[in-house]
Amino acid sequence: MHLRRFSYVQFLLASLMAALLACSDDNPTFVFPCDEQSGECGDAISSSSRQSGPDPESSSDSHPIFIQNDDQYTGFYKEDGYDAFRKLSYSSKTEMGASYLVKILISDFGTDSAEVHFMNSKKFFYHYDFAEMVLGETRSLAVFNQETYFSAEKNTVAGTLAYYASVDSMIALTFFPTDYITPVQVAAVYKLVQERLLFLNSKGAKNRLFYMPAGSTAERAAAEYANEFKKADILVFTHAELFGDIPYQIMNTGTAYGTLRKLTAAELDTAIVSSHDILILETLPAEIPLVAATITKDAQTPLSHVNLAAKARKTPNVSFNGNELPDSLLALCGKLVKLDVKANSYTVGEATLEEAQAFWNKNVRNPITLAYDLSDSGFIDFANLNFKSSKSVGVKAANLAELHKLLPENSPDGFAVPFYHYSHFMDNAQVTEELCGRSFEDCGNEGRSSEICTQVKNACISTLRQAQSAVSREAEPAVAPRASLRGYITNIIARDDFKTDTRLREAMLDNVRYMFKHIPVENSFGDALDAKVRELYGEAGVRLRSSTNSEDLEDFNGAGLYKSVKATAREKDLPSDEIRKVWASVWSFKVFEERALWNIDHMSVQMAVAVHEAYPNEVANGVIITQNIADYSVAGIYANIQVGETSITNPEGGELPEIISIIPSPPPARGVQSVLLQHSSLSPDSLILTDGEIYRLYQFVQRIQNRFAELYNVYSDALALDIEFKVMGEERKLIFKQVRPYIF
C-alpha cells in the first residue's frame, strides 16, 4: 500500500535508486545489488522493453508470450524458475528466515483483458509508483488507494508474492492487511497469478502457489470460504501453519569456530564453557553463557534468551524446532569445527587450529572505556529524572522515569540509587583475610573442587598482602592485611592465572561477589535507603533493579545480564542488605566474559539501582518489539505473551509463549488485528489477551514509540524498542515495566 509515508531506511534506498536512474543513459542497464544475507546477486537486465520465451512466430495458445524487462514481467516461463523470481524481488527478514517479495498489480481486474504485472520490486517500492510511471495511471494517489485497497468493487488489485526460502518450493500470495478483498476476489487473483507462474505446479502439494491470509480478519474469511477454495484446488496456509512446518530456523547469521559440545540444560548449569565452544542444546537453558555459537533442538522465538544473547554477541544461532538433530552434525561433537550460518542454510565441518586461531585473532574488538557521572549522591525520585539522567543512573532507570511521566497510571513510580553509591562502596568496603578464609567454605559448598578453592583462598590472601605492601611500608606490623574492594578486584583480575585459567577465573569472580554480599554498607547509607522504602511503600514488596552504564550501548545491550531482586522494609530482606546482591552481579562470571568479548574496561562499569513497587497477582506478561520482526514487509508490532509469571525469555519448564503480530485492521473496521504465529503451550486453544486488550496494548505502544523516537532523535518508523509489560489482577490492568532500544 502506498501512503507516501515511509521509513528513513526506505527514504535512503529510494534516494539511491533515483540517483542511479538519473545518471543512466537513454537505454540504461540496471544491476541489482547483492543480498547481504544470502550473498546472491541479481543479474543485469536491460531497461529496453523486450519479450522473452518461445519464438513468437512458432507460438501457440499453449505457449503464452510474456513481457520481461527491467520494469516488470507479465509472467514467468518454466525455465525461468526461482532465480528469475528473485531477480525481481527485494529481500526481507521474517519469522521464517529470509523471504523474497515481488509485488503484483492486476489491471482491468474483473474483465477478460485483465493483466498481471509482476513489478521489479527493487525498482518500485510502491504499487502506485509503478502504476503511474509504467502503466500511465491518471488517478490521484488518494483515489487509487481508495479504489484499490478500500473498495469491494475493484478494477485494480495490488498484492505481494512471497518466496520463503525455508519453505521448500512454495510461493505465497498475500495482500496488505488493510485491503478490503473478498475470498471470491482472492480466488480470481490466485487463478490469474497461477496461470503466469509456469515454473510452479498447478496440482499436488509441492512447488505450488498458496494463499496466505495477512491477518485474523482475512483468516476468518478464508476459513468460511474453505470449501470453495478446496474445490478450486487453491492451497491456503496461515502464518501459524507455515511456521510450524519448518524443519529448522536460522535465528542469527554469522560464522564461528569452536569445539562442538552437546550438553543438557542440567550439564550446562555446572559446565565451564567459553567463546571457543559451539554448543548443541536439546532444551533451552535459563541462561546461556558466552559461547561461540548455539544450536538448539527446542524451538526458539526471536525473543528467547538464547537468541537475544546471540544477537547481542553477533554469534550464529540455529533452532531445529523440536525436530531430531542430523546425525552428520552430532558426529562432529568433540571436534574443532567451523560453523557458517547464512540467511537460509548452515554448513558445519572440521577445522584446523591454525584456521580457528586466525579467525579469533581477527575478531578482537577495540577497547571500550565507559563514561559515567558520580556527582549525584542522593536518592533521586523518578519525577526528578529525565532521559539525560542516564549518565548518573543508567539507561534503565532514566527510561523508567520517562515512561512514568508518559503513562503515570500504567507504569511504576519510584526512585534511583545512582552510580555514586556503588562507586563509594567499592572505595570504602574493606576485604580482610578473615573474609578470604570464610569464602573458602562457600566456594566448596557450591560444588567446586578443594584444589580450586584453595587456589582462590591463597590468591585472596596474597592479593591483600601485596596491596598492603604497595600502600605503605611503614604500616604497623600488628595491622592485619586489608584492601579496598576496588583495589582488591583490580589486583585479582590482573593476575596471570585469572586470565588464563577459565575455571579459576569463574571461582575468583565468585569470591569477589562473596565480598560484596558479606561486607556491610555504611550505616548512614543503609538507614537512609531503608527509611526511603518504608516511607514510600510501607512493608509492601519492592523491586531493586539493576541499571548500569554497560547496557543499551550502540552494539551491546546487555539485556538480562545483571541481577534484580525483591526487598521489603522488614528485617529479613531489607533493601540495604539486598542492594549488595545487585551490585555484586557486576562481577558474575557470565557478565565478565560478556564484557571481555566486547573488550569493555571492567573497572569503568558503574551500577545504579531503580527502586519501585513490586507487582503481585500477575495474570500475564509479555515482550513487545515495536517493529514487525515476524515480517518486515507488513507494518505492525511483534509480541510474545505468556500466562501468569512464566518467563518468556527463560522458561524453566520449556513452556512456549504465544507469538503474534499486531497489524492494522482493514476498513471499514477501526482498530487492529492479530496474526497468530504460535499459541502458548499454556493456552493452546485461545489467545491470552482479548481483542480489546490487544487494541489497548497497541495504542499504548504507539504512544511509547512516538515519545521515545523524540528522545532518541530518530524517525518513529526507524526506531525499534523492546518493551516489557504485565497484565495485573482481576481488572487486568496493563503495566509497562521497561523500555529499551532493540538491537537487530
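Read on for a plain summary of the structure.

Procedures and definitions
Residues numbered from 1 in each chain as written. Predicted model: local features only at pLDDT ≥ 70, side-chain atom pairs only at ≥ 80, totals over all residues. Heavy atoms only, no water. Salt bridge = Lys/Arg side-chain N within 4 Å of Asp/Glu carboxyl O. Helix = DSSP H or I, 4+ residues; strand = E, 2+ residues; numbered from the N terminus. Buried < 20%, exposed > 50% of the residue type's maximum accessible area, 1.4 Å probe, protein only. Pairing = 2+ DSSP bridges. Contact = heavy atoms within 4.5 Å. Axes fitted to C-alpha atoms, helices over the stretch in contact; angles between N-to-C directions. Phe/Tyr/Trp six-rings, centres within 6.5 Å; stacked < 30°, edge-to-face > 60°. Lys NZ or Arg CZ within 6 Å of the ring centre and 35° of its normal. Disulfide = S-S within 2.5 Å.

Moving on, we come to the pattern of salt bridges. Inspection of every chain in the model, using the stated rule, returns 35 salt bridges. The partner of E115 in a salt bridge is R196, with the nearest N and O atoms 3.4 Å apart. Of the two residues, E115 is situated in strand β8 (residues 115-119) and R196 in the loop between α5 (183-194) and β11 (208-211); the sequence distance between them amounts to 81 residues. Residue R448 is joined to E506 by a salt bridge in which the shortest nitrogen-to-oxygen separation is 2.8 Å. One end of the pair, R448, is in the loop between α15 (433-445) and α16 (450-471); the other, E506, is in helix α19 (residues 502-518), and 58 residues separate them in sequence. For R448, a relative accessible area of 17% puts it in the buried group. Overall, the relative accessible area of 15% leaves E506 in the buried class. Taken together, the shared-partner salt bridges connect E446, R448, E506, D510 and R513 into one network.

Now for the sheet that holds strand β24 (residues 542-548). Strand order in the open sheet made by the five strands is β20-β21-β26-β24-β25, with antiparallel pairing throughout. Strand pairing shows two members of the sheet lacking a second neighbour, β20 (380-381) and β25 (565-567), which therefore form its edges. Bridging between strand β21 (residues 414-417) and strand β26 (residues 607-613) involves four bridges; their strand directions are antiparallel. Across the sheet, the residue bridging to A416 is A610, located in β26. Those strands touched by helix α20 (residues 523-537) are β20, β21, β24 and β26, and its axis lies near 170° from that of β21.

If you walk through the whole model with that rule in mind, you get 31 aromatic pairs. Their ring planes at 80° and their centres at 6.0 Å tell us that F320 and Y346 sit as a pair that is edge-to-face. In this pair, F320 sits in the loop between β17 (317-319) and α11 (327-330) while Y346 sits in strand β19 (residues 346-350), placing the two residues 26 residues apart along the sequence. On the numbers, 6.4 Å between centres and 35° between planes, the contact of W587 with F592 is tilted. The class of W587 is buried, set by a relative accessible area of 1%. An aromatic cluster of three or more residues is present, and its members are Y73, F76, Y82, F85, Y100, F118, Y163 and F199. Positioned above the aromatic ring of W587 is the side chain of R595, whose terminal nitrogen or guanidinium carbon lies 5.5 Å from the ring centre.

A separate point is the state of the cysteines. Evaluated as defined, the whole model comprises two disulfides. Across the disulfide from C443 sits C453; the S-S distance is 2.1 Å. Every disulfide takes its handedness from the sign of the S-S torsion; for C443 and C453 that torsion is -85°, giving left-handed. One end of the pair, C443, is in helix α15; the other, C453, is in helix α16, with 10 residues separating them in the sequence. The pair formed by C443 and C453 is uniform in burial state, with each residue classed as buried.

Moving on: the sheet that holds strand β28 (residues 637-643). Across the sheet, which stays open at both edges, the six strands sit in the order β30-β29-β28-β27-β31-β32 with antiparallel pairing between neighbours. Strands with a single pairing partner mark the edges of an open sheet, and in this sheet they are β30 (672-678) and β32 (733-741). Strand after strand, the sheet turns through a mean of 25° between neighbouring axes, direction not considered. Here strand β29 (residues 658-664) pairs with β30 via six bridges, running antiparallel. Residue I659 lies in a different strand from β30, and its bridge partner there is Q678. Strands β27 (618-625), β28, β29, β30, β31 (721-728) and β32 of the sheet are contacted by helix α23 (residues 691-712), whose axis makes an angle of about 35° with β32.

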